[in-house]
2 protein chains.
Amino acid sequence: MNERAQHLLRVLIDRYIREGEPVGSRTLARDSRLDLSPATVRNVMSDLEEMGFVAAPHTSAGRIPTAQGYRLFVDSLLQIQPLDTLQVEQLRQELLAEEADSSRLIESASNLLSDITRMAGVVTLPRHEHVALRRIDFLPLSQNRILVILVINEKEVQNRIIQTDRTFSASELETIANFLNAHFAGRDIHAVRSHLIEEMQQTRQDMNELMLSVVSVAEKVFTEEEGDDEDYVLAGQTNLMQFRELSDVEKLRELFEAFNRKRDILHLLDQCICANGVQLFIGEESGYQVLDECSLVTAPYSVEGEVIGVLGVIGPTRMAYDRIIPIVDATARLLGAALNSKN
Amino acid sequence: MNERAQHLLRVLIDRYIREGEPVGSRTLARDSRLDLSPATVRNVMSDLEEMGFVAAPHTSAGRIPTAQGYRLFVDSLLQIQPLDTLQVEQLRQELLAEEADSSRLIESASNLLSDITRMAGVVTLPRHEHVALRRIDFLPLSQNRILVILVINEKEVQNRIIQTDRTFSASELETIANFLNAHFAGRDIHAVRSHLIEEMQQTRQDMNELMLSVVSVAEKVFTEEEGDDEDYVLAGQTNLMQFRELSDVEKLRELFEAFNRKRDILHLLDQCICANGVQLFIGEESGYQVLDECSLVTAPYSVEGEVIGVLGVIGPTRMAYDRIIPIVDATARLLGAALNSKN
DNA sequence: TCTTAGCACTCAATCAAATGGAGTGCTAAG
DNA sequence: CTTAGCACTCCATTTGATTGAGTGCTAAGA
């Protein structure tokens, strides 16, 4: 595939992204500034079509890029200029607009992505490789239920209600909490759990009742912690409704249901967690039919060098990749930094 | 307006709700079982149209109900049979499917509504008339920030990060927390606040530093508490995308944006809080253009006789009111009961 | 061998006219 | 008050014609 063909492909895609209409040979010949006749361009197009980079919606329409065409485009034809510092600074301002805990930050990031790209933004919740217990508290409720308040990773609060076999008094619970806090504050929560279980087995015989209670309660708490499935925050779904190429309500519905179902999208995002930079799924590349007309631009975000999540933008395949890619990239860095600074 | 006209209107609306197509005089004459000729029916229709209960999309189409027509229909023509105990029991099961705190209950309810009606479900967060402080805890973070954990109303946990003027040590914070817990546990949070402020003014001169700290921290906490704006949980938006009458993408987009904006919808829901039972907004009645093609069926829910929120269903004006109304009604009762039992 | 002009051809989109059918309004008679 | 009859309206669908953009192919030129 020669230089000229690549150039023409680039011009075609550029124009198609801007105008949204199939590009014919005459237009392309003019746009390319190559001083070629439409006929020659047609020959080139014919080749490109054979190679699968462009396609014609019908016999007498111009050509539009295929997913494969876009792929070549972003991989080798596209030069993306990184955002200048001013823009990055603006992004940072917006992201840090409010005094924010991590979950609010995630939401901000998602909104930010959708707002500035005018497409849908998505950010996975950060996964914690090691969950350090900072503090645990119990409050008795009625009917053998206990409200457990868990502070983890310095500043994240989780609470849940657990059901126990017997009634614990307030003072009992306080004792248990004190014990756990004294012995395990700062330690990894899974380590705590296994440690407790081990301890239980070793000292089974002479275990006092308190210890037993600690274990049984802690078990409950930490087990349920496990079930904390991964998840993401989506913003700007409605932005997707203004694109001509996504104007079929039924298709749109299926797309939105996929967003609600979350599983497929999560699966895709998971794949991006190991890419060390911006990664794209263009059209059918995703492997999910609902996303056939969409592209997903993602970047992992990390704290202290460790990747803890992925964020990205979802829009029609016909999107301004050169603009979107640096935005996603920068947002990922900023989010990582923000999560870090708030430690 | 005579008996016969009412009967015909009822039959027309019944049929229109089922079939979704304008009903002509011939069909209506047959359906009504009144042994009338189409011509007679036409005369009646003409009257009904003049009175504003039905309208013809165009000259040679049948008639469809107007908002006013639906209004008369639900107010005096419709007999809704309450759900039987079996169905109610099923509802209850689903609502209580999991060990749930109140926010999860709200979500369940919303999902439940959208699932069984196949439309959109909406539930406002319960507002707390009096917010009783059960427990307050502080954890120091870096940079003069403090993590505040607030347990209110026996079992709801809120946390926020506040910024203070000076650094508080862990032990200082503990002292403050102890003070607050000892003096104010169980009291209304607003009472606590005003009490603190009052105290501050009375003892301004000889106030010790601790007391000052307590007040300044508490002020921050309780002030921000104020900003806890009302909100709702929406489910099943996508269900709305399958209705023919809502198939215009642009309109749909506006509707969804209204859902995101929340303000207008909240305003509507607020109006329902004082109705003592199911309330409807049919089509234009809502006063919001985006809802022109929609109806909103709501019911307030209450705990211990006090209304604390509203739930409802949003769908096209052409909905099976006889089925929806009792569902909304029952769900409101069940949610109230569930919130109560979990006390 | 590559490029290009020329030409026939295809196909979507648009428009106009024709047709059918569902349903109405009106009128006059029962 | 009811109803049959009739003229009329309007939508929906089909059909055919027209247009224009763009293609593929071929043969001639560089």
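Here, every reference points to the structure presented above.
Everything in this summary refers to the structure shown in the same document. These numbers were taken from a predicted model, which means no experiment stands behind them.

**Description of helix α3 (residues 38–51) of chain B**
Residue and element names in this part refer to chain B. For α3, which comprises 14 residues, the first-to-last C-alpha distance of 20 Å matches the rise-based estimate of 20 Å (1.5 Å per residue) to within 8%. Residues V41, V44, M45 and L48 constitute the buried set of α3. Take α3 and look down its axis: the buried residues cluster within an arc of 105°, on one side only. Turned more than 90 degrees from where α3 packs its buried face, N43 and E50 sit exposed. In the core, the buried residues of α3 are packed alongside α1 (3–19), α2 (25–32) and β1 (54–55). Positive backbone phi, at 90°, marks G52, one or two positions downstream of α3.

**Regarding the pattern of salt bridges**
All names here are of chain A. This structure, assessed with the given rule, holds 30 salt bridges over all chains. Between D31 and R15 there is a salt bridge, with its nearest N and O atoms 2.9 Å apart. Placement of D31 in helix α2 (residues 25–32) and of R15 in helix α1 (residues 3–19) is noted, with a sequence separation of 16 residues between them. Given a relative accessible area of 26%, D31 falls into the partly exposed group. A relative accessible area of 21% means that R15 is categorised as partly exposed. For E245, the salt bridge goes to R318, with nearest N and O atoms at 3.7 Å. Here E245 is found in the loop between β7 (232–235) and α10 (249–261), whereas its partner R318 is found in the loop between β10 (306–316) and α12 (321–341), with 73 residues between them in sequence. Residue classification places E245 among the partly exposed positions, given a relative accessible area of 24%. R318 sits in the buried class, given a relative accessible area of 18%.

**Description of helix α7 (residues 170–184) of chain B**
All names here are of chain B. An ideal rise of 1.5 Å per residue puts 21 Å on 15 residues; α7 measures up with 21 Å between its terminal C-alpha atoms. All of the buried residues in α7 are L173, I176, A177, F179, L180, N181 and F184. Phi turns positive one or two residues past the end of α7, at G186, with a value near 90°.

**Details of the protein's contact with DNA strand C**
Contacts to DNA strand C come from 18 residues, most closely from R4(A), T40(A), T59(A), S25(B) and R63(B). Counting only atoms of DNA strand C within 4 Å of the protein, the sugar-phosphate share comes to 73%. Within the contact set of DNA strand C, a phosphate oxygen lies 2.7 Å away from a side-chain nitrogen or oxygen of R4(A). Within the side chain of T59(A), an N or O atom sits 3.4 Å from a sugar or linking oxygen of DNA strand C. Element by element, the count of residues in the surface near DNA strand C is highest for helix α3 (residues 38–51) of chain A, at four residues. Looking at side-chain class alone, the surface near DNA strand C contains three nonpolar, eleven polar and four charged residues.

**Overview of the interface of chain A and chain B**
Of the residues lining the interface, 33 residues belong to chain A; the matching set on chain B comes to 33 residues. Counting the surface lost from both chain A and chain B, the interface buries some 3100 Å², and carbon and sulfur atoms represent 58% of this. It is T238(A), M241(A) and V249(A) that lose the most area in chain A upon contact with chain B, and together they represent 18% of the buried surface on that side. The interface formed by chain A and chain B holds two salt bridges in total. Seen at the junction of chain A and chain B, the total is six residue pairs in polar contact (both at pLDDT 80 or more).

**So, the packing of α1(B) against α2(B)**
All names here are of chain B. Two numbers describe how α1 lies on α2: the axes approach to 10 Å, and their chain directions differ by 105°. Classified by the angle their axes make, α1 and α2 are roughly perpendicular. Across the interface between the two elements, H7, L8, V11, L12 and R15 from α1 touch T27, L28, D31 and S32 from α2. Its residues assigned to classes, the contact of α1 with α2 comprises four nonpolar, three polar and two charged.

What counts as what
Residues numbered from 1 in each chain as written. Chains lettered and ligands numbered in written order. Predicted model: local features only at pLDDT ≥ 70, side-chain atom pairs only at ≥ 80, totals over all residues. Heavy atoms only, no water. Helix = DSSP H or I, 4+ residues; strand = E, 2+ residues; numbered from the N terminus. Expected span 1.5 Å × (residues − 1). Buried < 20%, exposed > 50% of the residue type's maximum accessible area, 1.4 Å probe, protein only. Arc of directions from axis to C-beta. Contact = heavy atoms within 4.5 Å. Salt bridge = Lys/Arg side-chain N within 4 Å of Asp/Glu carboxyl O. Near = heavy atom within 4 Å. Polar contact = N/O pair within 3.5 Å; in protein donor to acceptor, adjacent residues only side chain to side chain. Nonpolar A, V, L, I, M, F, W, Y, C, P; charged D, E, K, R; others polar. Buried area = accessible area lost by both parts, 1.4 Å probe. Axes fitted to C-alpha atoms, helices over the stretch in contact; angles between N-to-C directions. Parallel < 35°, antiparallel > 145°, perpendicular 65-115°, else oblique.

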